[in-house]
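Secondary and tertiary structure notes
What follows is the residue order along each chain.
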Amino acid sequence: MTAINTNSSALRAQNASRLANQSLSTAMERLSTGKRINSAKDDAAGLAIASRMTSQVRGFAVAVRNANDGISLAQTAEGAMGEVTNMLQRMKELATQSANGTLKDSDRAALQSEVNQLTKEIANIAETTTFNGVKLLDGSTKSLNLQTGLNASEKTALSLVDATTGELGLQAQVKGGVVTATALVAGALTVNGVDVGAVAADAKAIAAAVEAVAGTTMVHAKAENSMTAAVGSITAGTLTVGGVSVTLTAADNAISIAGKINLSSGPSGNIVASVEDDGRLKITSKDGSNLALSGAASASFTAGKDVAGTALANITDTARGKITLTADSGVNVVVGGTAEANAGFVNDANDAGISIASQASASAAMSLIDTALDTISAGRGNLGAVQNRLEVTVNNLTTTSTNLEEARSRIEDADFSAETTNLAKAQILSQASQAMLAQANQSAQGVMSLLR
């Protein structure tokens, strides 16, 4: 049949030209971006798989950085402990020398002077060794969890040693229990025979009172206080903890409550909240002052413990902290008074620091130094083992990430060999379809010969 209203050949050529141009556009897009999947229409299932793989690859990269940060932290702590080891070994030499019967008391006094200086430097290292603001050797950070995997449970624990001179036995130290609710009156607490005076029932206040007479006693105090609580069904309302007020809703849990408390307290605030591994809310008073929870929302908390682990009657009770007394090098600590138990100390608690001022004390000091060396060596060994483990973790994460990226590449990336072939094919088909369209349009001109 001869017809001019419908040119089937031209329509077919036009459709072929459209498809060729579409293929040409696709090939050019893939070659210009290097990706086979540039939008969901290219491969919906492949896009979903590649997106999940991308998330995992980026997570592995962060986990590798976390592990490397952990290695750096462990190296920082271990390096500082290496210096402590060197000083302890020098102290062992001095103690061994002082234990010799050929020395006079004046000789031992000179040796004791060097021991005092070494002790002070060990104390300084323990206090000042930090990594990104985290103190490593002062006992405030006993362990750290490093996030070395994609899931919340994939953590590596890193334990740290308390390298303070009190814990190592180099300085006299007395640790008290929980301060009672009874305020101290004059004479209730004495340190090295000096009365600290009347003080409120607050670990922070008592520690400040001890510090006030430290020039005479040569004894310093540190207060600490924290409490834990199980969070039940939340009653909406205002919660006040340690003077910090937050507004709770029924949707809150331990994690969100901790976040609100920290936000309200601020980065330089005294109150810090966190969540324990068992899900309990932990609230810490950095200066050791009393912690009390109150407000309409306080009924949401079922139970608590103070810093010493003593159970509280209910969370609205006041948690009081405890105090640690540490003497200067070569000074003893003797706690007394008519009611020292109100400050958390047992009757007539006392401790003696390391001394090599006499032949007998030097002999005793040798054993103490050996114990301190064992403690530091064990801590260094543990950190070294963790570093080795973290290095293996980094290698494993890197290998896994590399293989995952390779798998993602097979799904997402363009095959340039195939795409350049498709481009050439699409270009030829586009040109050919356009030529055929011209021929199809010209074929209708033959109808004019029938009309002559």
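Cut-offs and rules
Residues numbered from 1 in each chain as written. Predicted model: local features only at pLDDT ≥ 70, side-chain atom pairs only at ≥ 80, totals over all residues. Heavy atoms only, no water. UniProt positions renumbered as here; feature names shortened; annotations may be inferred. Helix = DSSP H or I, 4+ residues; strand = E, 2+ residues; numbered from the N terminus. Contact = heavy atoms within 4.5 Å. Domains from an automatic or database assignment. Buried < 20%, exposed > 50% of the residue type's maximum accessible area, 1.4 Å probe, protein only. Core = buried A, V, L, I, M, F, W, Y, C linked by side-chain atoms within 4.5 Å.

The name an unreviewed UniProt entry gives the protein chain is Flagellin, with Allosphingosinicella flava as the organism. Taken directly from UniProt, the Function (unreviewed entry) text for the protein chain runs: "Flagellin is the subunit protein which polymerizes to form the filaments of bacterial flagella." Recorded under Sequence similarities (unreviewed entry), the UniProt text for the protein chain is reproduced unchanged: "Belongs to the bacterial flagellin family."

Position of E412 among the secondary structure elements: in helix 7 (residues 359–412). The residues touching E412, leaving out its near neighbours within four places in the chain, are K35, R36, I37 and A50.

Once the domains are mapped, the protein chain shows domain 1 (1–34 + 416–451) and domain 2 (37–169 + 357–413). Measuring from the centre of the C-alpha atoms in domain 1 to the corresponding centre in domain 2 gives 70 Å.

Here the focus is the environment of E121. The topology assignment puts E121 in helix 3 (residues 105–128). On the basis of relative accessibility, which here comes to 35%, the residue E121 falls in the partly exposed class.

Our next topic: the nonpolar core. A general trend in soluble globular proteins is that nonpolar side chains are found buried together. Core analysis: the biggest nonpolar cluster contains 54 residues, and L88, M91, I122, L137, L158, L160 and I356 have the highest contact counts within it. When contributions to this core are tallied by element, the ones reaching two or more residues are helix 2 (44–98), helix 3, strand 3 (143–147) and helix 7. Broken down by element, the residue count for this core peaks at 19 residues, all from helix 2. In this view, L88 contacts I122, L170, I369, A372, L373 and I376; residues no more than four positions away in its chain are not counted. Residues A172, V174, L189 and A349 belong to the second largest nonpolar core, which totals 26 residues.

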